[in-house]
Each structure stands twice: as structure tokens, then as C-alpha cells.
Amino acid sequence: MYAFRLGIALCVAVFAYGVLSDSDFDKFVEEIEAFINASDSYVLPTNKDSYFSDENDTVSPTDYGTYDFIIVGGGAAGGVLANRLTEIENFTVLVVEAGKVDPPISRITGLAAYLKNSDWNWGYWSTVQTKGCLASPDQKCRFTAGKGLGGGSSINWAMHVRGNAADFDKWEDLGNSGWSYSDCLPYFKKSQFGNFSVDIDTDYQGTDGPQSITVAEDTPTLTQEIINAFTELGKTEGDYNGADQYNVGRIQYFQKYNVRSTTANAYVRPVLNRTNLELIFEALVTKIDISNNTATGIQFWQNGTLYSATASKEVILSAGAIGSPQLLLLSGIGPQEELDEHNITTLVDLPVGKNLIDHINYRGVFFRTNMSLYNGTFEENLDLWNENKRPLAAPGSIQAITFYNFEGNTSTSPDMEAFIAGPPSVSSSIGSLFADEYASPYDVLNASTDLSVELVLLHQLSRGTVTLQSSDPSDYPIIDVNYFAEDEDLEVFYLGIQEALKLENTTAFQRLGATAIYIDVPVCNDAYDKLSKDWWLCTVQYYSISTLHPVGTTAMGTNTSTSVVSSELKVHGIDQLRVVDAGIMPTTVSGHTTAAVVMIAEKAADLIKADYGYVNNTAI
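All values reported here derive from a predicted model rather than from experimental measurement.

Within the protein one finds 17 helices and 24 strands. Over its C-alpha atoms the protein spans a radius of gyration of 23 Å, differing by no more than 12% from the 25 Å that the globule rule assigns to 620 residues. Every one of the 620 residues in the protein was classed for burial, and the buried ones make up 60%. Long-range pairs, those at least 24 residues apart, make up 73% of the contacts in the protein with a sequence separation of at least 6. A gap of 4 Å separates the mean positions of the 37 positive and 77 negative side-chain charges of the protein.

Time to look at the pattern of salt bridges. Where side chains of opposite charge bring their charged atoms close, a pairing between them can arise. Across all of its chains, the model carries 20 salt bridges by this definition. Salt-bridge contacts for Glu491 lead to Lys533; the nearest nitrogen and oxygen are separated by 2.7 Å. With Glu491 in helix α13 (residues 487–501) and Lys533 in helix α16 (residues 533–543), this residue pair connects regions lying 42 residues apart in the sequence. By relative accessible area, Glu491 is classed as partly exposed at 35%. Put simply, Asp520 and Lys530 hold a salt bridge, and the shortest N to O gap is 2.6 Å. Here the residue Asp520 occupies a position in the loop between β20 (515–517) and α15 (522–527), and Lys530 occupies one in the loop between α15 and α16, the gap between them amounting to 10 residues.

Residue position: Ser413 is located in the loop between β15 (398–404) and β16 (416–421). Not counting residues within four places of it along the chain, the set of residues in contact with Ser413 comprises Asn164, Ala166, Asp167, Tyr246, Asn405, His459 and Ser590.

A few words now on the packing of helix α2 (residues 22–41) against helix α11 (residues 378–386). Following both chains from N to C, one finds α2 and α11 inclined at 130 degrees, their axes separated by 12 Å at the closest point. One finds that α2 runs oblique with respect to α11. Like other packed secondary-structure pairs, α2 and α11 cross with a definite hand, here right-handed. Mapping the contact onto sequence places Phe25, Phe28, Val29, Ile32, Glu33 and Ile36 in α2 and Phe378, Glu379, Leu382, Asp383, Trp385 and Asn386 in α11. The residue makeup of the contact of α2 with α11, split by class, is 8 nonpolar, 1 polar and 3 charged.

The next subject is α16. In terms of burial, α16 is largely enclosed, as 8 of its 11 residues are buried. Looking only at α16, the buried set comprises Trp535, Trp536, Leu537, Cys538, Thr539, Val540, Tyr542 and Tyr543. Those residues of α16 that are buried lie in contact with β14 (360–368), α12 (436–439), α13, α15 and β21 (544–546).

Here the focus is the packing of aromatic side chains. Counted under the stated rule, the structure contains 31 aromatic pairs. With 6.1 Å between their ring centres and 5 degrees between their planes, Trp122 and Tyr124 make a pair best called stacked. There is no split in this pair, since Trp122 and Tyr124 are both buried. On the numbers, 4.8 Å between centres and 85 degrees between planes, the contact of Phe434 with Tyr543 is edge-to-face. Placement of the pair is Phe434 in the loop between β16 and α12 and Tyr543 in helix α16, with a sequence separation of 109 residues. Take Phe434 and Tyr543: they sit in the same class, and that class is buried.

The next thing to look at is the pairing of strand β6 (residues 211–215). Among the 5 residues of β6, 5 are classified as buried, and the element is accordingly described as predominantly covered. Here β6 shows a buried face lined by Gln211, Ile213 and Val215 and a second buried face lined by Ser212 and Thr214. Note that strand β5 (residues 192–195) and β6 share 4 bridges and pair parallel. Looking at the pairing, Gln192 lines up with Gln211 of β6. Sheet analysis places β6 next to strand β8 (residues 252–256), joined by 3 bridges and oriented antiparallel. Following the sheet pairing, Val215 is matched in β8 by Gln252.

Right, let's get into the sheet that holds strand β9 (residues 259–260). With mixed pairing, the 4 strands of this open sheet are ordered in space as β5-β6-β8-β9. Each edge of the open sheet carries a strand with a single partner, namely β5 and β9. Bridge analysis of β8 against β9 gives 2 bridges, and the strand direction is antiparallel. Pairing of Gln255 across the sheet is with Arg260, part of β9. On top of the sheet, helix α6 (residues 181–191) reaches β5 and β6; it is set at about 65 degrees to β5, its chief contact.

Before going further, it helps to spend a moment on unusual backbone geometry. Here the bond from Arg390 into Pro391 is cis, since omega is 10 degrees, no more than 30 degrees from zero. For the peptide bond that leads from Pro423 to Pro424, omega is 5 degrees, which places it in the cis range. You can see Pro424 is positioned in the loop between β16 and α12. A positive phi angle, close to 55 degrees, is found at Asn303, a residue other than glycine. Its place among the elements puts Asn303 in the loop between β12 (294–302) and β13 (305–317). Taking relative accessible area as the criterion, Asn303 reaches 66% and is therefore assigned exposed. Of note in this structure, Asn482 is not a glycine but carries a positive phi near 60 degrees. By the element assignment, Asn482 lies in the loop between β19 (478–480) and α13.

Conventions used here
Residues numbered from 1 in each chain as written. Predicted model: local features only at pLDDT ≥ 70, side-chain atom pairs only at ≥ 80, totals over all residues. Heavy atoms only, no water. Helix = DSSP H or I, 4+ residues; strand = E, 2+ residues; numbered from the N terminus. Rg over C-alpha atoms; globule rule 2.2 N^0.38 Å. Buried < 20%, exposed > 50% of the residue type's maximum accessible area, 1.4 Å probe, protein only. Contact = heavy atoms within 4.5 Å. Lys, Arg positive; Asp, Glu negative; His and termini not counted. Charge placed at Lys NZ, Arg CZ, Asp CG, Glu CD. Salt bridge = Lys/Arg side-chain N within 4 Å of Asp/Glu carboxyl O. Axes fitted to C-alpha atoms, helices over the stretch in contact; angles between N-to-C directions. Parallel < 35°, antiparallel > 145°, perpendicular 65-115°, else oblique. Left-handed = near helix turned anticlockwise from the far one by under 90°. Nonpolar A, V, L, I, M, F, W, Y, C, P; charged D, E, K, R; others polar. Phe/Tyr/Trp six-rings, centres within 6.5 Å; stacked < 30°, edge-to-face > 60°. Pairing = 2+ DSSP bridges.

Structure, rendered in C-alpha cells:
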């Protein structure tokens, strides 16, 4: 497999940090433009047929070899595990990734939108929804999921938002010993290389880990005035990843200088010279081999050939909150009723896929300022990026973030996140997220002057599911997000909208000349008085989308009727099998999932090492 290692090594130069030379930059721009042109006509797949031959049912697997650990997925969690487990020279590790090496465009966080329409996105959609995503095509929620080295960390908006201490304390209260915030904080810090131009809470932020965290440059006047507006409304300016999450602060990004800091860049590329690490790409795992309730290896397809690989110690699933449950179900681990329906023998009856939780995002509160910003051409913006400048050095040109806990919430965790995006991200292009007949209301927005307050519901009561479409591994799973099944989730959005609208009356917004823009939503206008509570809730149901933070589908816990893995992330009832990804979270975090997933993988690596006699990488 030397060729695969060589392929990644050759990409190291492309991902160099800092200003590129003229010749390198010109080549880079050509690659970016070619990628964008291809994305315009790219059609997302609807299944996984491309991995297979025409003889799926008759072919026998070719032996691929034996390894101590097999990691399924080279994404946010899998990349961390690949690094940390191979710190033990006696461990051999195989990482099997369904996607490709991350592309050059992934360096630029401000171009993340183009990655959603490419080979680096699985291209999932939810089932037809009846209460949310109503303006989306066919009333289905777009469900972007990273496919490739770095996984979601290579294609998302790279926002570093850990969550609230109470989120993790709740995990421990649910019976998961060792997962309190005081247990998790050292692993958050261990992963992080802090490189801040603003004050941070050094008791909570790491300084010498592998993954760089930074803050983008201010948009002159705008960034500070937005923060001033929130402070007028009672917020304190400070580090929202520190002691007080309710601060208002500049967005922290997974970024080093101008380059996105993925787990591919931070964890995998630096250890490619380790002889005990092997990575293979464009390889789809279709089954976990299990004998006497012990995971012994995997089967996977690559270029139409079926292989089997043996794990002498463990198989570790890091395929994400959608991919891992599908693989467990295909391998006979899951609800017996569902497996019986697909003629799959049940090895262990567990609630796999039964606790899908996903943050809901709403984009419907807008303001128009008297400023005109970032009117440059695409080429000019790329030149600015090469100098570590906005707008492309910050995805969505996000300016600031804060959190709200509304009356009646007895938890110390916030109900809602609010972040403000500025020019040039606010424009009619937002409408491209929705079906044609619902996109036109966004045509009134101006990409040079307008602000968007995006609201994220952090702890929804509604629960969804991930289930099998069939026993054929080439079929995509069925994803039912089940948004707004509980009316209380809608009510929280209304409270968030009212908070966001208060910004207009601050002196800081008045200095910006910022006034609210109320988009017309014909279906809601026809049914309700515009700006009434019912009208706002109608717009939420239509213009809600996924924040792309699915968790919970392989939740950890002690009760096998409500959880899939133990607090050590071992699958109940099956030896030598763990899940290490966002699916193990029993409840959501009050933030974005990447930081928590990296933390989980860091902690899992220590748990695994300890099981095999290593503490602090020393044999005991």
C-alpha cells in the first residue's frame, strides 16, 4: 500500500501554511477554479454502486492481511485515532476510508459551500418531512456528510464551538462514568494549538496540541460594532469556549494562518512516515466479521474487488452518526424487528439508529447596514486569502457568536446559539438551499451590505432515526430527522427570533445604519399576519435546515434498551468492537460537533491504550 502513502505525502506541499509563491498560487487558483466549475454540474450520488462489481453475491473476498486495529473511516475521529494509536510502535493500524484524499480547495474555509456539491460529500437526504425543511426540495432536508480524509472537518465551516460544561456532566449523570466536563476538558486542551489574536481563557484553551485554533481578522468597524450591540443587550465580551459560554465573542476557527486545520492536516499527514500505519482510500466497508460475538475483522470493496481484513485486537467504527449505525445494522447488530424485516440474523438486539438528534438551523432574520464591503472579484478575494484576509479566510464571513438560555430552562446549558454572518455571504445565494418556488424571497438581500442572524436550536426534544433501506450495502440508509415533532422546539425558535430582533434598537446597530429586513414568504403571508408569532413559526418550519450535527445513533450508556455502547465505547454484547464518532453522544452538545468528536477520539485512544497495557504511551 506504499502508493497510497506516497499519494498523501505528495499532497503535503499543497497544504503548506502561509503565503504561497506566485507560481504555486497561480497553480492553486487554477485548481480551485476547475473544482468550482466541476461542482456546477456535479450530480450527487443516490447510492454506493460505484464501489462494487456486477458479481456482488458470488465473489469471495481476497485476504488483505492482519492488523491489530482496523479503523473504519478516516474522518474527524478516525484521523485522531490513526495518529494516537500508532504512537505505540507495537500496534499496527489499518484505516479504511470510503472517500479520497482531501482536495486543495478544502484549504479555504470560505469556499466550503462548493465542497457540498462534490465527491467529498456522501449526498444524503432525509425522508420527506411534514413540519421542518418545508421549503427544501421535495420537503427533504439536505444532509451533507464528509467523505474523504478528514471527513466533516475537511468540508464544514470549521467553527470551534465546544459546548457547555453541563452537556458533558449530563453524560456522566446518565451513567457514563469518566465523561464529566472535568474529565473531558484535558482532552479538549490536548488536541488544541491555540493561536489567538484576542484574549482567551487560558484555563480552558490548549496551546501545544496538533490542531490549530485561531480567530479571523476583524472586518473593520463591523465586527466590533456587532459585539458592541450584544454587550448593550447584556452580554459580556469574552471567550465562549472558556468559563462562561454565554459570552459574545469572535468566532474561533479550526484554522492555521489561512489554511483550514483538519484532522487530516493536524493528525494524519504528520505521521505518514510511521511504518505501523496503513491507509487505503475509495474503499467501502460493508460488513463487520463477527464470530462467537467477537469482532474479528471487516469486509470491504475497492475498485470492484472484495477484500477481507483481520483485526487481532479491535475493529473501531468511526464512520459517523450515519455510516456507523448502517454498518452495525448490516452486520446484525440492531433492533431485531428491523433486522428481521431485512432477513438479517440478529446477533445483539440494540437500539442502533434510534436516537438521531440534529441541531436545526434557521436563516430568516436579516439586517441591512449602511456599509458596503467585500465587493472584489473572486480572483481578488483569493489574493486576499493568500494574505490571510477576509472574506475567504472566514467561512460565511461569520463575525460573532453568542448563546441564550430562555425562561423555563432549568439547565445551565443554553437553548439556542446565534451567530452573525456578514458580507459577502448574505445574498440571494442563500436561496439556493431551497426549492425554486421558495428561493425568491431571498432575492431582496444584498451581498455587500446585509447581515444574517443564524439561529441554531441546541437541545431539541424531537428525535429521529437512521434505518436500513434494505440489506444491500449499496443502498443509502433512510434518515428521518423528524424535525419539530415536539411543538416546544418551535417555541424556542420564536424566543430566539425576538432576541435577535432586539439588535436593531441598539446604538451600535444604529451607528451601522442597520435596519431589519423582513423577507416575504407567500405561503406564510397568506395564512398569517406578517410578523405575528404564527407567521414567524411558519417561516421557521419552511426555512429550517440541518446544521449537519447528527449525534446519538449509537449512544453510550448502561441500559441496552437505550444505548449501543458502554462508557468505554465498546458495543454491548460484542467483544473487540468499538464506536468512536459523534454517534456515541447520548445527548447533543451546546455547540458544533467537530470539537467534541476530536475530544472523544483523543479520550478513546487513551481508553484503548490502557486496555492493552499502555498509559502515557508507556507499557505498564
